[in-house]
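The chain contents come next:
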Amino acid sequence: MEVRDFAESLLFGRDIEAKLLRPRELTDKEPGPALDRLPDLPFRPAGLRFLDEGESRPREARFPGRRALARDRERARVMHFFANHELLALELMALTLLRFPDAPVEFRRTLVGVMIDEQKHLELYLDRMAALGGSLGDLPCGRFFWDRLKKVPTPRHFLAGMSLGFEQANLDFSLHYIDTLREHDDAETLGVLRRVHEDEIRHVRRGLDLFREDASDEELFSVYRAHLAFPLGPQHGRARIFSREARIDAGLPVPFIDEMEACAASRGRPPRVRFMNPAVEEEIAGRPQIEALRRADRDLALMPALAAQAGDVVLVPEQPSIELRLDLTRAGLGPVDWIGFEEAPRVLAERPLGALAPFGRSPRSAAFARTLGLEEVGLADAALFAKDAVPALRTLLIESMVADPAADRLFFPKTEVVLDAATAIARAAGGGVIVKPVLSSAGRRQLRIRRPIRDEAEAAGLTARLESCGPFVVEEFLDRVADLSFHLDRLESGELRPRGLVRFHNDDQGQFLSAETAQAVTTLDPQAQRFLAGEGRTAGWFERLLDRLKEVLGARLAGASEAGPIGVDMMIVRDRLGALRLQPLVEINPRWTLGRLALEAARRIRRGVPGRLLILRRGRDRDEISRACELAGDLPLRLEGSPPLLVEGLILLGDDETDRRLLPVLAVGEQPIRLLGP
């Protein structure tokens, strides 16, 4: 039989026997002309229907969960999925032989050999399905493979999608089900999967030999990615579990395997595009971006990965090293798709995207949204950032609690809004105040004056520091016991949904040091815990306060049309008589905050395990940065459970570079937290 006749039988045959026909001898002397008209779908036996294009799988046609595989009929469903995959692979290989009759002899010979293996796999799946009580046609069949590979422009593109794509992914999928079925005493099904897994290793190796041509080990991944047409991407060559061993056995080079393990792109869900712009208030105020802020943008650029879902895009000034991307992937942060700012418009041009989710909405984020053609997630009203809006909200909050006996547990500092630096300094002449620009964050441009100003020269120096910063809020200095932040999301419906309470730590200048990922109250000392619990007299007062705070914020945002995160900073303080009080509205941040990112990081940590998000600074914290980098290599990363969650380790959110000023670190477990120090 000629190869062409064999391929036509597989592609156009209308019964399963035609798909399984294996001639004793095949020749390729008459490949014939290229197939000029592609079938919309391969021909199939009656009763074996494809899902319509864009049709979602019905619930009964989805892969069963781990526990469900204890039942024969559920394992039969798995055999049905795999049988359809083998059948699609056969039909696509047959189509490729017919489309490219002039392809190199070695390509066509190798494809025929793989097709005969795939026929054997299909028989194994069909036999095992029947033994488990199922039959081909019990479920509708997916068509993803067919739709993505039927029109590839060259044989090399086909190898990228099939051998290094779907067959490479099957290295993981087959191992996943081998591991799962060990629990269910089904030696026959295990035997089928092991046989297929061993053959897939050979298939990937053969495909690699044909595909790579003169590409070096270091170049191979880039060449592979360039031969995948959207929506195919490298992520389709792997599963959620990832077997390096199987890929090494298949002959894939280590640099390629590293890139495959770290790669990410959303499968179906339009990804959000995230990026870090921590100086959002400075942008809104129209101040020039000084070098320190540009460095902060770069040094903190990877932090959105803490909030990202698998496949989200994170825009970065420069690509993280492959070692760092692997570390983050193995720690459960993503995997995310790291894309440089400059290349983003080109790389993302053809992809369906979700929304742009910057750290905070600003002129810079608006420009990126326009460049990418995206809607922006976040609250756009610049007045929400202004600190001079807070006193009025404090008044509304206290008025809403006037009849509540818990109101006397609150403390509101004396606050004045002034218009120029000279007046601010005059207000501060008695000492013991904090002078804050109306638009600022992370302690930038703030003055903390705890004693009287000594002379005119000192006053002139303070004035010089403040004169370019616009109006100020001047507040009396408080004896701070603990900093807390209350986090909410404003939904598109306008509803405010609480997300959690975080304890964070600032230095004396108001700059962020760290935040706890554990439940905030549990990290406080016993006296502060008793205070928030009501000390037996006003139980539930703190929870009622948070409800009132949500109502006050909801009223303030009633006219807004946008959705996004909101953080409210609050503070437990000690009054002049030594009693604890709560300052419930220090600042409002209508954006992401580092505390909120710590709250997001908690989702990746096993319940009950302590965690801390830190920002280490070079210079002041030079030794701590070096120690963190050393410890990250010495302390093994531990994850447990399904899905795996962090129980111990240090995760660096940045490469260790000599010119790095800031290094974000996620410390998980008592020992790593203790080793890094307070």
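Relevant structure appears above.
Residues numbered from 1 in each chain as written. Predicted model: local features only at pLDDT ≥ 70, side-chain atom pairs only at ≥ 80, totals over all residues. Heavy atoms only, no water.

Of the regular secondary structure elements, the protein chain holds 23 helices and 17 strands. With the C-alpha coordinates aligned to their principal axes, the bounding extent of the protein chain is approximately 100 × 50 × 50 Å. The buried share of the protein chain, taken over its 678 residues, is 56%. Of the contacts formed within the protein chain by residues at least 6 apart in sequence, a portion of 72% connects residues at least 24 apart. Roughly 30,100 Å² of accessible area belongs to the protein chain as shown, and the carbon and sulfur atoms make up 50% of that amount. Averaging the locations of the 98 positively and 106 negatively charged side chains of the protein chain gives two centres separated by 3 Å. (Helix = DSSP H or I, 4+ residues; strand = E, 2+ residues; numbered from the N terminus. Buried < 20%, exposed > 50% of the residue type's maximum accessible area, 1.4 Å probe, protein only. Contact = heavy atoms within 4.5 Å. Areas by Shrake-Rupley, 256 points an atom, 1.4 Å probe, with all protein chains shown as cover. Lys, Arg positive; Asp, Glu negative; His and termini not counted. Charge placed at Lys NZ, Arg CZ, Asp CG, Glu CD.)

Now for the pairing of strand S6 (residues 433-437). With five of its five residues buried, S6 lies for the most part within the structure. Residue alternation in S6 divides its side chains into two sets, Val433, Val435 and Pro437 and Ile434 and Lys436, and both sets are buried. In this sheet, strand S7 (residues 447-449) lies alongside S6 in antiparallel orientation, the contact comprising three bridges. Bridging across to S7, isoleucine 434 finds its partner in arginine 448. Examined bridge by bridge, S6 and strand S8 (residues 472-476) share five bridges and lie antiparallel to one another. Its bridge partner lying in S8, lysine 436 is registered against valine 473. (Pairing = 2+ DSSP bridges.)

Another aspect to go through is the packing of aromatic side chains. The full count for this structure, using the stated rule, is 13 aromatic pairs. Seen in terms of ring centroids, phenylalanine 12 and phenylalanine 43 are 5.4 Å apart; in terms of plane orientation they differ by 75 degrees. Their pairing is edge-to-face. With phenylalanine 12 in helix H1 (residues 3-12) and phenylalanine 43 in the loop between helix H2 (16-20) and helix H3 (72-99), this residue pair connects regions lying 31 residues apart in the sequence. Residue class for phenylalanine 12 comes out partly exposed when judged on its relative accessible area of 30%. Ring geometry for phenylalanine 341 versus phenylalanine 368: centroids 5.0 Å apart, planes at 40 degrees, classification tilted. Of this pair, phenylalanine 341 sits in the loop between strand S3 (337-340) and helix H14 (344-347) while phenylalanine 368 sits in helix H15 (residues 363-372), and the two are 27 residues apart along the sequence. (Phe/Tyr/Trp six-rings, centres within 6.5 Å; stacked < 30°, edge-to-face > 60°.)

Let us look at the sheet that holds S3. In spatial order, the strands read S3-S2-S1-S4; together these four strands make up an open sheet with parallel pairing. Each edge of the open sheet carries a strand with a single partner, namely S3 and strand S4 (356-358). Averaged over neighbouring strand pairs, the angle between their axes works out to 30 degrees when direction is ignored. Sheet topology note: the strand S1 (residues 273-275)/S4 ladder contains three bridges and is parallel. Along S4, the bridge assignment pairs valine 273 with leucine 356. The sheet strands contacting H15 are S1, strand S2 (313-316) and S4, and the helix crosses S4 at an angle near 160 degrees. (Axes fitted to C-alpha atoms, helices over the stretch in contact; angles between N-to-C directions.)

Time to look at the pattern of salt bridges. This model, assessed by the stated rule, comprises 46 salt bridges. Glutamate 74 is the salt-bridge partner of arginine 73, the closest N and O atoms lying 2.8 Å from each other. Residue arginine 73 is classed as exposed on the basis of its relative accessible area of 54%. A salt bridge links arginine 182 to aspartate 179; the nearest nitrogen and oxygen atoms lie 3.7 Å apart. (Salt bridge = Lys/Arg side-chain N within 4 Å of Asp/Glu carboxyl O.)

Turning our attention to helix H10 (residues 254-262). Within H10, seven of the nine residues are buried, which leaves it mostly tucked inside the rest of the structure. Considered for burial, the residues of H10 that qualify are Phe256, Ile257, Asp258, Glu259, Met260, Glu261 and Ala262. Looking at the buried residues of H10, the elements they touch are helix H6 (155-181), helix H8 (220-226), helix H9 (244-249) and helix H13 (322-330).

Ranked by internal contacts, the top residues of the largest apolar core, which has 75 residues, are Phe158 and Tyr224. Looking at this core, the element that brings in the most residues is H3, giving 15 residues. If we ignore the near neighbours within four places in the chain, the residues touching phenylalanine 158 are Leu92, Met93, Thr96, Phe107, Leu111, Leu149, Val152 and Ser163. Of all hydrophobic cores here, the second largest spans 40 residues; its members include Ala296, Leu333, Phe504 and Ala598. (Core = buried A, V, L, I, M, F, W, Y, C linked by side-chain atoms within 4.5 Å.)

Moving on, we come to the side chain of threonine 110. Residue position: threonine 110 is located in helix H4 (residues 105-131). Overall, the relative accessible area of 13% leaves threonine 110 in the buried class. Excluding residues within four positions of it along the chain, threonine 110 makes contact with Arg206 and Leu210.

Spatially, the nine strands line up as an open sheet ordered S13-S12-S9-S10-S11-S14-S17-S16-S15, and their pairing is antiparallel. Unpaired on one side and paired on the other, strand S13 (580-589) and strand S15 (638-640) mark the two borders of the sheet. Direction aside, the axes of adjacent strands within the sheet are offset by 25 degrees on average. With four bridges connecting them, strand S16 (residues 645-652) and strand S17 (residues 662-668) associate as antiparallel partners.

Where H10 meets H13, the closest approach of the two axes is 9 Å, and the angle between their N-to-C directions is 45 degrees. Of the possible angle classes, the one that applies to H10 and H13 is oblique. Regarding H10 and H13, the two cross each other, and that crossing is left-handed. Facing Asp258, Glu259, Glu261 and Ala262 of H10, the residues of H13 in contact are Ile322, Arg325, Leu326, Thr329 and Arg330. Looking at side-chain class alone, the contact of H10 with H13 contains three nonpolar, one polar and five charged residues. (Parallel < 35°, antiparallel > 145°, perpendicular 65-115°, else oblique. Left-handed = near helix turned anticlockwise from the far one by under 90°. Nonpolar A, V, L, I, M, F, W, Y, C, P; charged D, E, K, R; others polar.)

Right, let's get into the pairing of S2. Here S2 shows a buried face lined by Val313 and Leu315 and a second buried face lined by Val314 and Val316. By the bridge criterion, two bridges tie S1 to S2 in an arrangement that is parallel. Each bridged residue has a counterpart across the sheet, and for arginine 274 the counterpart in S2 is valine 314. Across four bridges, S2 lies against S3 in parallel orientation. Along S3, the bridge assignment pairs valine 316 with glycine 340. Crossover handedness for the path S2 to H13 to S3: right-handed. (Right-handed = clockwise from strand over helix to strand, strands pointing away.)

Attention shifts here to the environment of leucine 478. The residue leucine 478 is located in the loop between S8 and strand S9 (479-490) in this model. Each C-alpha atom of the pair leucine 478 and phenylalanine 412 lies 9.9 Å from the other, and the pair is 66 residues apart in sequence. In this view, leucine 478 contacts Phe411, Pro413, Met571, Val573 and Gln583; residues no more than four positions away in its chain are not counted.

What follows covers unusual backbone geometry. A cis amide bond links phenylalanine 230 with the next residue in sequence, proline 231, at an omega value of 15 degrees. Mapped onto the secondary structure, proline 231 falls in the loop between H8 and H9. Of the consecutive residues serine 642 and proline 643, the connecting peptide bond is found in the cis state with omega at 0 degrees. Examined against the element boundaries, proline 643 turns out to sit in the loop between S15 and S16. Of note, aspartate 185 is a non-glycine position whose phi angle comes to about 50 degrees, a positive value. Within the secondary structure, aspartate 185 sits in the loop between H6 and helix H7 (187-211). A positive phi angle is found at glutamate 213, which is not glycine, with a value near 50 degrees.

We now examine helix H16 (residues 390-400). Turning to H16, its buried residues number three or more, namely Val390, Leu393, Arg394 and Leu397. On an axial view of H16, the arc spanned by its buried residues comes to 105 degrees, and they lie on one face. (Arc of directions from axis to C-beta.)

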